[in-house]
Amino acid sequence: MSLILKDYQKRALGTPDTDGAISAFFELARGAQDGAALGQAFNAARRRAMGETLREIPYRPLKEAPAVPQVCIRIPTGGGKTLLAAHAIERAARLYTGASYPVVLWLVPTNTIRTQTRDALRQPGHPYREALLGYWPEDRLTVIDIADCEQIRAQDLGARTLIVVATMQTLRVDRTASRDVYAYKDSFEPHFANLPEADFLERVSDADLAEQPYLRALIGRSGVRPVKRSFANLLAWHRPIVMVDEAHNHTTPLSFEVFRRIRPCCIVEWTATPAPDQNVLYQ
């Protein structure tokens, strides 16, 4: 069952008949190369959605990647954050990345919410699922739990919209060798078979060799460490749209390190209680 958006939800999102903050921001931010340009887009979008007399506020660029748009939508608890996030994926893809079938990383605070969100985005007839199906047909849409990421086929990336639901804790670690999402996976070999070398891709480390000794055979006589066939590296290559639920919980330096590792193309945060340093685009 599709839900009709309320007026404040339309102004947060943007619809054909309503100026909205998210649509305006991504339209204006496209092509921005630094925090200053994103700040101009940020304040212009705020005025468009909440009134031309709105005073400007500072935009705080992501320290690790100042050209990556990062904004926060403040919506009260029960105000439809998840529904809006489902709609916002299409706005980010169409107006900013230009991807017909984007890769999306949907981050939530707990495993319970991860399960609830994943199931709702998959369930036929659920308003969240219907929101997604308003933009992509069933056979071009995949919602997957990060625990099942090895099921992702190389031929599906770019041919289907892929939404991976995960907790921030799954990715937020000091030592990447100790977490499955950063581990070398032989099953990801088809994804990396034709990828060129890139400095941002994590390579096999001494810590990885300690966790997976068989990887020593991949180094050979040259001593060159291979790129890790990991899901985190796969995300870094495809640069996901990132949706962050309860984002006020994810403002620590280690959370920002996660963003550096996975190289998001843009980040939209959702919360009822933003932290003082979040870029609140709409409330």
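In the block above lies the structure referred to throughout.
Small disclaimer: the values here were computed from a predicted structure and weren't measured.

Along the chain, the regular secondary structure elements total 12 helices and 7 strands. Computed over its C-alpha atoms, the radius of gyration of the chain comes to 19 Å, within 12% of the 19 Å expected for a compact globule of 283 residues. With respect to the three principal axes, the spread of C-alpha positions in the chain is 65 × 40 × 30 Å. Relative to its full complement of 283 residues, the chain shows a buried share of 53%. Within the chain, contacts between residues separated by at least 24 positions form 71% of all contacts whose residues are at least 6 apart in sequence. Approximately 12800 Å² of the chain is accessible, and the part contributed by carbon and sulfur atoms is 49%. Measuring between centres, the 35 positive side-chain charges of the chain sit 1 Å from its 32 negative side-chain charges.

Okay, the state of the cysteines next. Applying the stated criterion across every chain yields a total of 0 disulfides. Free cysteine Cys149: the closest other cysteine sulfur is in Cys265, separated by 19 Å. Here Cys149 falls in the buried class, since its relative accessible area comes to 5%. Between Cys265, a free cysteine, and Cys266, which holds the nearest cysteine sulfur, the sulfur-to-sulfur gap is 3.8 Å.

Let us now look at unusual backbone geometry. One non-glycine residue, Arg239, lies in the positive phi region at around 50°. You can see Arg239 is positioned in the loop between α11 (231-238) and β5 (241-245). For Arg239, a relative accessible area of 32% puts it in the partly exposed group. Positive phi values are uncommon outside glycine, yet Arg263 reaches one of about 50°. You can see Arg263 is positioned in the loop between α12 (253-262) and β6 (266-271).

A few words now on the nonpolar core. Grouped together as the largest cluster of nonpolar side chains are 48 residues, with contacts concentrated most on Phe25, Trp106, Ile163 and Met243. Ranked by the residues each element gives to this core, the list is headed by helix α4 (residues 81-97), at 10 residues. Leave out the neighbours within four places in its chain, and Trp106 touches Thr82, Ala85, Ala86, Ile89, Thr117, Leu121, Ile163, Val164, Val165, Ala166 and Met243. If you look at the next biggest cluster of nonpolar residues, it comprises 34 residues, including Val68, Ile152, Ala166 and Val258.

Definitions and limits used
- Chains are numbered independently. Their residues run from 1 in the order of the written sequence.
- Reporting in this predicted model follows two pLDDT cut-offs: at least 70 for local features of residues, and 80 or more for side-chain atom pairs to be given and counted; totals over whole chains, interfaces and linings ignore these cut-offs and use all residues.
- Calculation of side-chain values draws on the structure's entire complement of heavy atoms; hydrogens and water are dropped beforehand.
- A helix here means a DSSP run of H or I that spans at least four residues, while a strand means a run of E at least two residues long, and both kinds are numbered starting from the N terminus.
- As a reference, a globule follows 2.2 Å times the number of residues to the power 0.38, and the radius of gyration itself is taken over C-alpha atoms.
- Partly exposed describes any residue whose relative accessible area lies between the buried limit of under 20% and the exposed limit of over 50%, with all areas from a 1.4 Å probe on protein chains only and scaled to the type maximum.
- Any two residues whose heavy atoms approach within 4.5 Å are treated as being in contact.
- Accessible areas in this description were obtained via Shrake-Rupley with a 1.4 Å probe; residue shielding takes into account the shown protein chains only.
- Charged-residue counts in this description rest on Lys and Arg as positive and Asp and Glu as negative, His and the chain ends being excluded.
- Where a charge lies is defined by one atom per residue type, namely NZ (Lys), CZ (Arg), CG (Asp) and CD (Glu).
- Disulfide assignment relies on a single distance test, namely cysteine sulfur atoms paired within 2.5 Å.
- Here, nonpolar core means buried Ala, Val, Leu, Ile, Met, Phe, Trp, Tyr and Cys residues that are tied together by side-chain atoms lying within 4.5 Å of each other.

Such coordinate-based values are descriptive only and should not be taken to indicate function.
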